[in-house]
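# Architecture and fold: a report
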Amino acid sequence: MSAVSDRLPAFPWDKLTPFKATAAAHPDGIVDLSVGTPVDPVPELIQKALVDAADSPGYPTVWGTPELRDAITGWVERRLGARDVTHRHVLPIVGSKELVAWLPTQLGLGPGDRVAYPRLAYPTYEVGARLARAEYEVYDDPTELDPEGLKLLWLNSPSNPTGKVLSKADLTRIVAWAREHGILLFSDECYLELGWEADPVSVLHPDVNGGSYGGIVSVHSLSKRSNLAGYRAAFLAGDPAVLSTLLEIRKHGGMMTSAPTQAAVVAALGDDDHVRVQRERYAARRALLREALLSHGFRIEHSEASLYLWATRGESCWDTVAHLAERGILVAPGDFYGSAGAEFVRVALTATDERIAAAVRRL
């Protein structure tokens, strides 16, 4: 029997190791803009909620506390404009990457079933299909796909890596097409709070879904908006028929968010001020990096939202990675996200103000 790992591609980040060593040798130290991992403090009110819930000797529930479900439903209605959201419409998950990687398996997909995702995309969409032994393919416009055998359609707006945002009209058209063909649609909206030159819209908005959540689920994370990547806190919202099935499966698998983390999420979703403060930090860093990259000869495409600048010098992404590494700056090569990114690099905004300033000086 083949090991499960045999189904997976080589872990791409290992290829960056020699470039990281080059960047780290810079006299002023490395500026790591490769992985979008938050570096700013967890807001105090969230830390306090976590500490206050630290005495949690019993098992948490997979569905979460009623307070957590209230917090999620309230946020979904307040922030996304969704209507009539109940506890049946939401499900906590252990970080969004876990969900993306294991969703096809939990949906019972396998050989002969097809999973589709954007041509430039987070690599874990492919990993999830591979783990389930399902077929996978990329698209530019999902409505041009052959719907036969297509069981799971991933949207990602704002996009990782490009920062592209799908318009309300495009979302409405795609949701209608997926429903027409009986295709389950999952929309990865983890960067929705970080729109800069566009205002991202959720598939949960009634203008998009016509007031029905049938056949659609949105994925949200607190990693970026609240600096909670280390807490592993995310949730789903949408079709209660789909979520009830996933809930049962996840109960059997023990896929539960820790009780202190659940309490922290309640605090995080109930406070908008810390999100505004973090957005301002990222906006300032984005402005500085964007101007520096443009002045250095880069062209930036899309990037109207999310935590990245999608940049090119019209050469192999690995040549660009090497060029920047010599200046002590580490970025992600665009081909990590698909062959269409072969001449681009993804530049993360997730570094301290001091490190961003260092990168700007070097550029």
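Located above this text is the structure these notes cover.
Source: prediction; values computed, not measured.

Looking only at helices and strands, the chain features 12 helices and 13 strands. For the chain, the spread of C-alpha atoms along the three principal axes comes to 55 × 50 × 45 Å. Out of the 363 residues in the chain, the part that is buried amounts to 55%. Across the chain, contacts joining residues at least 24 apart in sequence account for 75% of those joining residues at least 6 apart. Entry remark: accessible area of the chain is about 15,100 Å², with carbon and sulfur atoms responsible for 53%.

A few words now on the nonpolar core. Generally speaking, soluble globular proteins have nonpolar side chains that are buried together. Counting 68 residues, the largest nonpolar core has Leu33, Trp154, Phe186 and Leu236 as its most contacted members. Among the elements that make up this core, the one with the highest residue count is helix 11 (residues 317–325) (5 residues). The contact partners of Leu33, leaving out residues within four places of it in the chain, are Leu289, Ile329, Leu330, Val331, Arg346, Val347, Ala348, Ala351 and Ile356.

Read from one edge to the other, the open sheet built from 7 strands follows the order 2-8-7-6-5-3-4, with strand pairing classed as mixed. Each having just a single partner strand, strand 2 (90–93) and strand 4 (135–139) make up the two edges of the open sheet. When strand polarity is set aside, the average angle formed by the axes of neighbouring strands in this sheet is 20°. Docked against the sheet, helix 5 (residues 124–131) engages strand 3 (114–118), strand 4, strand 5 (150–156) and strand 6 (184–188), running at close to 155° with respect to strand 4.

Further remarks concern the pairing of strand 7 (residues 216–221). Counting buried positions along strand 7 yields 6 of 6 residues, so the element is predominantly enclosed. Side-chain alternation along strand 7 places Ile216, Ser218 and His220 on one buried face and Val217, Val219 and Ser221 on a second face that is also buried. Note that strand 6 and strand 7 share 4 bridges and pair parallel. Each bridged residue has a counterpart across the sheet, and for Ser187 the counterpart in strand 7 is Ser218. Alignment of strand 7 against strand 8 (residues 234–238), held across 5 bridges, turns out to be antiparallel. Each bridged residue has a counterpart across the sheet, and for Ser218 the counterpart in strand 8 is Ala237.

What counts, and where the lines are drawn
- Residues numbered from 1 in each chain as written.
- Predicted model: local features only at pLDDT ≥ 70, side-chain atom pairs only at ≥ 80, totals over all residues.
- Heavy atoms only, no water.
- Helix = DSSP H or I, 4+ residues; strand = E, 2+ residues; numbered from the N terminus.
- Buried < 20%, exposed > 50% of the residue type's maximum accessible area, 1.4 Å probe, protein only.
- Contact = heavy atoms within 4.5 Å.
- Areas by Shrake-Rupley, 256 points an atom, 1.4 Å probe, with all protein chains shown as cover.
- Core = buried A, V, L, I, M, F, W, Y, C linked by side-chain atoms within 4.5 Å.
- Pairing = 2+ DSSP bridges.
- Axes fitted to C-alpha atoms, helices over the stretch in contact; angles between N-to-C directions.

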